[in-house]
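Given next are the chains, with one letter for each unit.
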Amino acid sequence: MRQKTSPFFAYMSRMKLIRRWGLMRNTREEDIAQHSLQVAMVAHALAVIRNREFDGQTDPEHVMALAVYHEAGEVITGDMPTPIKYFNPEIRKAYHAIEDVACHRLLDMLPEPLRADYQPLLLQPREGEAHALVKAADKLCAYLKCVEEERSGNDEFRSAKAVTLKDIEAMGLPEVERFLQLFGQGFGQTLDELNQGGINIFGEAARPL
């Protein structure tokens, strides 16, 4: 008997086709696959910082896995621009309901023996310590996108940058503040500035080819 195949990961591969920031002019387009990778790295770092510097007991690998799948439903729904998604409580509630339907559909695509493992990744609770870190990482990555666009001379993201930074500060998470202290400056720098004025990553003076 031929085993039934699953379209789950074929759907996941379409994350690279879903564009973010659809209502805004971008100097570099960003898709949800790129965004999810960055959010996963930042969320993992936030969990590590919490554990090492603020006596946390969070599992960084679990937080990272949640971040990888935090936009999974958008392979079905597409990305709704933030000004529309959060226009009023009714629209926000309706969008969350649509997201839930999409994530349940993705879960149903998986073979039965695998569903229990993927359920907490696809049907993520909107509360708890891990969720808070993923949400913070999501906001941080949006802010860093604004910084990069502004550095490229694109004023389109100026207002979004200010609003997003205000949202980040309102979270009151010390690991988020620490992340920005340690790593935030680099996102506003050129490659030469990152290399500290001609010092390459191997610690030797860069030589012209």
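This text follows the structure it describes.
Basis of the calculations
- Residues numbered from 1 in each chain as written.
- Predicted model: local features only at pLDDT ≥ 70, side-chain atom pairs only at ≥ 80, totals over all residues.
- Heavy atoms only, no water.
- Helix = DSSP H or I, 4+ residues; strand = E, 2+ residues; numbered from the N terminus.
- Buried < 20%, exposed > 50% of the residue type's maximum accessible area, 1.4 Å probe, protein only.
- Contact = heavy atoms within 4.5 Å.
- Salt bridge = Lys/Arg side-chain N within 4 Å of Asp/Glu carboxyl O.
- Phe/Tyr/Trp six-rings, centres within 6.5 Å; stacked < 30°, edge-to-face > 60°.
- Axes fitted to C-alpha atoms, helices over the stretch in contact; angles between N-to-C directions.
- Parallel < 35°, antiparallel > 145°, perpendicular 65-115°, else oblique.
- Left-handed = near helix turned anticlockwise from the far one by under 90°.
- Nonpolar A, V, L, I, M, F, W, Y, C, P; charged D, E, K, R; others polar.

*Asks:* Explanation requested: the overall build of the protein in the structure shown.
*Replies:* Within the protein one finds 11 helices and 0 strands. In sequence order, the protein lays out its α and β elements as α-α-α-α-α-α-α-α-α-α-α. Evaluated residue by residue, the protein yields a buried proportion of 35% over its 209 residues. A sequence separation of at least 24 residues applies to 69% of the contacts in the protein between residues at least 6 apart.

*Asks:* Can you walk me through the pattern of salt bridges in this structure?
*Replies:* If charged atoms from side chains of opposite charge come close, those side chains can pair. Scanning all chains against the criterion turns up 15 salt bridges. R178 is paired through a salt bridge with E53; the nearest N and O atoms lie 3.0 Å apart. Taken together, the residues span a long stretch of sequence, with R178 in helix α10 (residues 174–183) and E53 in helix α2 (residues 32–53) at a distance of 125 residues. With a relative accessible area of 39%, E53 lands in the partly exposed category. In this structure, D155 engages R158 in a salt bridge whose closest nitrogen and oxygen atoms are separated by 3.4 Å. For D155, a relative accessible area of 48% translates into the label partly exposed. Salt bridges sharing common partners tie together R19, E29 and D31.

*Asks:* What am I meant to see in the packing of aromatic side chains here?
*Replies:* Think of a pair of aromatic rings as described by two things: how far the centres are apart, and how the planes are tilted against each other in angle. Considering all chains together, one arrives at 6 aromatic pairs under this definition. On the numbers, 6.0 Å between centres and 80° between planes, the contact of Y69 with Y118 is edge-to-face. Of the two residues, Y69 is situated in the loop between α3 (60–68) and α4 (74–77) and Y118 in helix α7 (residues 112–122); the sequence distance between them amounts to 49 residues. For the pair Y69 and Y118, a shared accessibility class is recorded, and that class is buried. Taken together, the ring pairs connect F8, F9, Y69 and Y118 into an aromatic cluster.

*Asks:* Is there a simple way to explain the side chain of Q38 in this structure?
*Replies:* Considering the arrangement of structural elements, one finds Q38 in helix α2. For Q38, a relative accessible area of 17% puts it in the buried group. In contact with Q38, other than residues within four places in its own chain, are E30, C141, L144 and F187.

*Asks:* What's the story with the side chain of R50 in this structure? I'm lost.
*Replies:* Counting through the fold element by element, R50 comes out in helix α2. If sequence neighbours within four positions are ignored, R50 has contacts with D55, G56, T58, E129, L133, L173 and E175.

*Asks:* Looking at this model, I keep getting lost on the packing of α2 against α3. Mind explaining?
*Replies:* Describing two packed helices takes the angle between their axes plus the distance from one axis to the other. Following both chains from N to C, one finds α2 and α3 inclined at 155°, their axes separated by 8 Å at the closest point. Overall, the two elements α2 and α3 adopt an arrangement that is roughly antiparallel. Between α2 and α3 lies a crossing of right-handed hand. Across from S36, V39, A40, A43, H44, A47, V48 and N51 in α2, the residues of α3 making contact are P60, E61, V63, M64, A67 and V68. The residue makeup of the contact of α2 with α3, split by class, is 10 nonpolar, 3 polar and 1 charged.

*Asks:* I keep staring at the environment of F8 and nothing clicks. Help me out?
*Replies:* Summarising the element assignment, F8 is placed in helix α1 (residues 8–12). Judged by relative accessible area, F8 falls into the buried class, the value being 0%. For the pair F8 and M109, spaced 101 residues apart in the sequence, the C-alpha separation amounts to 5.6 Å. If near-sequence neighbours (up to four positions away) are discounted, F8 is found in contact with Y69, L106, M109, L110, Y118 and L122.

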